[in-house]
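Structural overview for review
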Amino acid sequence: MTKIYVTGDTHGLNNIKKIHDFLNTIDGNSLTKNDYMIVLGDFGLLWNCKKTGLSIDSNPDDKCWTKEELYWKKWWENKPWTTLFVDGNHECYDRLETYPVSEWHGGKVQKISDSIIHLMRGEVYDIQLPVDDTNDMTTYFYLANYITSLKNISALKPKVVN
C-alpha cells in the first residue's frame, strides 16, 4: 500500500532533524520509492544562487550546487521514499527554472533526480493508491510536520478514504 507523509519547512538542513526523528518512529524497511514524503513549501535544497561550478548529471545547466547541498541531495535520494516538494520562499527560483519540465502523474514537474521531484504550482497530480479486494481504497496519512513534537505517532489514527 502506498504511504504518503506530509511535512513542510525543512529549510535544507536547518530543520532536517524532524525527518531524522520521524524515521526513528516508523519501520523504514517497509517503505519503497512508491511511497511519498511531500514537503509543502520551503524544501530549501536548491537555495544557493551563486555559481560554484558544481552541477549534477540530471541538469548540467545548474552550476550552483554547493558541497553541502550535494550532501543533502544524496541524503534525500538515499531515503526509501520518493521526495516531492512544492516550492516556498526558501528556494532559488532562478535555479528551479533551469530544470526541464516534464509530466508526472498528470501534472507538470521538474525532476531534480529520480527520487526528488518538484511539484509545480497550479498543477493537480493523480497519485494512484492501491485498491483492495473489497474495492475500498484505504490510505494512511501521517502528519510529519513538526514531528519532533510527536512522541507517540501511534496516537495518530489512520483515516479511511472511500
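All values derive from a computational prediction rather than experimental measurement. (Residues numbered from 1 in each chain as written. Predicted model: local features only at pLDDT ≥ 70, side-chain atom pairs only at ≥ 80, totals over all residues. Heavy atoms only, no water.)

The next thing to look at is the overall build of the protein. A count of helices and strands for the protein gives three helices and seven strands. Starting at the N terminus and walking to the C terminus, you meet the elements of the protein as β-α-β-α-β-α-β-β-β-β. Counting contacts in the protein only where the partners sit at least 6 residues apart, residues at least 24 apart contribute 63% of the total. Carbon together with sulfur atoms contributes 52% to the accessible area of the protein, which is approximately 9,100 Å² in total. (Helix = DSSP H or I, 4+ residues; strand = E, 2+ residues; numbered from the N terminus. Contact = heavy atoms within 4.5 Å. Areas by Shrake-Rupley, 256 points an atom, 1.4 Å probe, with all protein chains shown as cover.)

Turning to the state of the cysteines, a few remarks are in order. Applying the stated criterion to the full structure yields one disulfide. In this model Cys-49 forms its disulfide with Cys-92; the gap between the sulfur atoms is 1.9 Å. Judged by the sign of its S-S torsion, about 130 degrees, the cystine formed by Cys-49 and Cys-92 is right-handed. One end of the pair, Cys-49, is in the loop between strand 2 (36-40) and helix 2 (67-77); the other, Cys-92, is in the loop between strand 3 (82-86) and helix 3 (93-96), with 43 residues separating them in the sequence. Overall, Cys-49 belongs to the partly exposed group, its relative accessible area being 46%. When its relative accessible area of 1% is taken as the criterion, Cys-92 is described as buried. (Disulfide = S-S within 2.5 Å. Buried < 20%, exposed > 50% of the residue type's maximum accessible area, 1.4 Å probe, protein only.)

Turning our attention to the pairing of strand 6 (residues 116-119). Neither face of strand 6 is left uncovered, since the one carrying Ile-116 and His-118 and the one carrying Ile-117 and Leu-119 both have all their residues buried. Examined bridge by bridge, strand 3 and strand 6 share four bridges and lie parallel to one another. Opposite Leu-84, over in strand 6, you have Ile-117 as the bridge partner. The sheet contact formed by strand 5 (residues 107-113) and strand 6 spans four bridges and is antiparallel. Its bridge partner lying in strand 6, Gln-110 is registered against His-118. The loop that links strand 5 with its antiparallel partner strand 6 comprises two residues. (Pairing = 2+ DSSP bridges.)

Right, let's talk about the nonpolar core for a bit. Trp-76, Phe-85 and Ile-112 are the most contacted members of the largest nonpolar core, which totals 23 residues. Within the residue set of this core, elements represented by two or more residues are helix 1 (17-23), strand 2 and helix 2. When residues no more than four places from it in sequence are discounted, the contact partners of Trp-76 are Thr-10, Ile-16, Ile-19, Lys-33, Met-37, Val-39, Phe-43, Trp-81, Thr-83 and Ile-116. In this structure, Tyr-36, Trp-104, Val-109 and Ile-117 belong to the second largest nonpolar core, which totals nine residues. (Core = buried A, V, L, I, M, F, W, Y, C linked by side-chain atoms within 4.5 Å.)

A ring pair, where both rings are aromatic, is described by two values, the distance of the centres and the angle of the planes. Taken as a whole and assessed by the stated rule, the structure comprises seven aromatic pairs. Geometrically, the ring pair formed by Tyr-71 and Trp-72 is edge-to-face, given 5.0 Å between the ring centres and 90 degrees between the ring planes. Classification of Tyr-71 by relative accessible area gives exposed; the value is 51%. Residue class for Trp-72 comes out buried when judged on its relative accessible area of 15%. When the ring of Trp-104 is compared with that of Tyr-125, the centres are 6.1 Å apart and the planes differ by 55 degrees; the resulting orientation is tilted. (Phe/Tyr/Trp six-rings, centres within 6.5 Å; stacked < 30°, edge-to-face > 60°.)

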